[in-house]
Amino acid sequence: MTRASDTQGPARDRTRDGAVLSKEGLPGWLDPVVRAVETVRPTQLSRFLPPADGAGRQSAVLILFGDGKREGEGAEEPGRGPELLLMERAGSLRSHPGQPAFPGGALDPEDGDPLGDGPLRAALREAEEETGLDPAGVQLFGVLPKLYIPVSGFVVTPVLAWWREPTPVGVVDPAETARVFTVPVADLTDPANRVTTIHPSGHRGPAFLVESALVWGFTAGIIDRLLHFAGWERPWDRDKQVPLDWRA
């Protein structure tokens, strides 16, 4: 199988003040994602882009792909296949309470330059704090353009990674995280699990009914675009709707 590092030039192709993004040794099934990350434009991801005046709180999320294998599984038991790590935010949080999301949060001063390796460090730090994963087993391989979440004022850098050496994950602080779970990519691409959410404000957006959760909003938008530009999207019924209430 072709490896992403075989088709994308040098394995270590970009540095951000010492933080390295590496494609070396990535599994072949991630090739389409690597290509999408390298070519996608901000307007192809969202109509909500960072304010031109620099306003907004800098933050980062970790989009972590794993192969779905569990400890003790052999080659004859491949698990659930490629998957994404998600968490459900605690219902008591001020921003986006109760929503499934990628691990992540605002940059701290010690993370470094928001225009340098700060988002990379923040994505790993927040993921460790929220899910307990070991950053040593995570390989960062790409960064998507910065996007904006108007309702909370966050400027978000999506950082993509490969879970090279999976470690146990779970809720670290119940005040921040309600649960931690993984979702097979096959479930995300299954048309039966895809819906359109309708907010009382009139906003429509893609969503996923997976793992007893409704994944919507910013997180669902990113997943939707990644599936599309990676060529993994399957035709689905966009008229299948799920209404949201004003608290969403």
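Criteria and thresholds
Residues numbered from 1 in each chain as written. Predicted model: local features only at pLDDT ≥ 70, side-chain atom pairs only at ≥ 80, totals over all residues. Heavy atoms only, no water. Helix = DSSP H or I, 4+ residues; strand = E, 2+ residues; numbered from the N terminus. Buried < 20%, exposed > 50% of the residue type's maximum accessible area, 1.4 Å probe, protein only. Contact = heavy atoms within 4.5 Å. Pairing = 2+ DSSP bridges. Axes fitted to C-alpha atoms, helices over the stretch in contact; angles between N-to-C directions. Phe/Tyr/Trp six-rings, centres within 6.5 Å; stacked < 30°, edge-to-face > 60°.

Quick word on the environment of Trp-232
Argument step 1. Note that Trp-232 resides in the loop between α6 (217–229) and β14 (241–243).
Argument step 2. Taking relative accessible area as the criterion, Trp-232 reaches 21% and is therefore assigned partly exposed.
Argument step 3. Between the alpha carbons of Trp-232 and Leu-188 there is a distance of 9.5 Å; along the sequence they are 44 residues apart.
Argument step 4. Sequence-distant contacts of Trp-232, defined by excluding residues within four places in its chain, comprise Trp-29, Pro-32, Val-33, Phe-65, Val-185, Thr-189 and Leu-227.

Comments concerning the sheet that holds β14
Argument step 1. Taken together, 4 strands build an open sheet; the order of strands is β13-β12-β11-β14 and the sheet is mixed. In the strand order of this sheet, the two ends are held by β13 (213–215) and β14, each with one partner. This sheet shows a mean twist of 40 degrees between the axes of neighbouring strands, independent of strand direction.
Argument step 2. Contacts between α6 and the sheet are confined to β11 (194–198), β12 (204–210) and β13, with β12 contributing the most and set at about 85 degrees to the helix.

A word on the packing of aromatic side chains
Argument step 1. Counted under the stated rule, the structure contains 3 aromatic pairs.
Argument step 2. Look at Trp-29 and Phe-65: their rings are 6.2 Å apart centre to centre, the planes differ by 65 degrees, and that puts the pair in the edge-to-face class. One end of the pair, Trp-29, is in the loop between β2 (19–22) and α2 (31–39); the other, Phe-65, is in strand β3 (residues 57–66), with 36 residues separating them in the sequence.
Argument step 3. Its relative accessible area of 21% is what places Trp-29 among the partly exposed residues.
Argument step 4. Residues Trp-29 and Trp-162 carry aromatic rings whose centres are separated by 5.9 Å and whose planes lie at 75 degrees to one another, so their mutual orientation is edge-to-face.

Geometry only, nothing functional implied.
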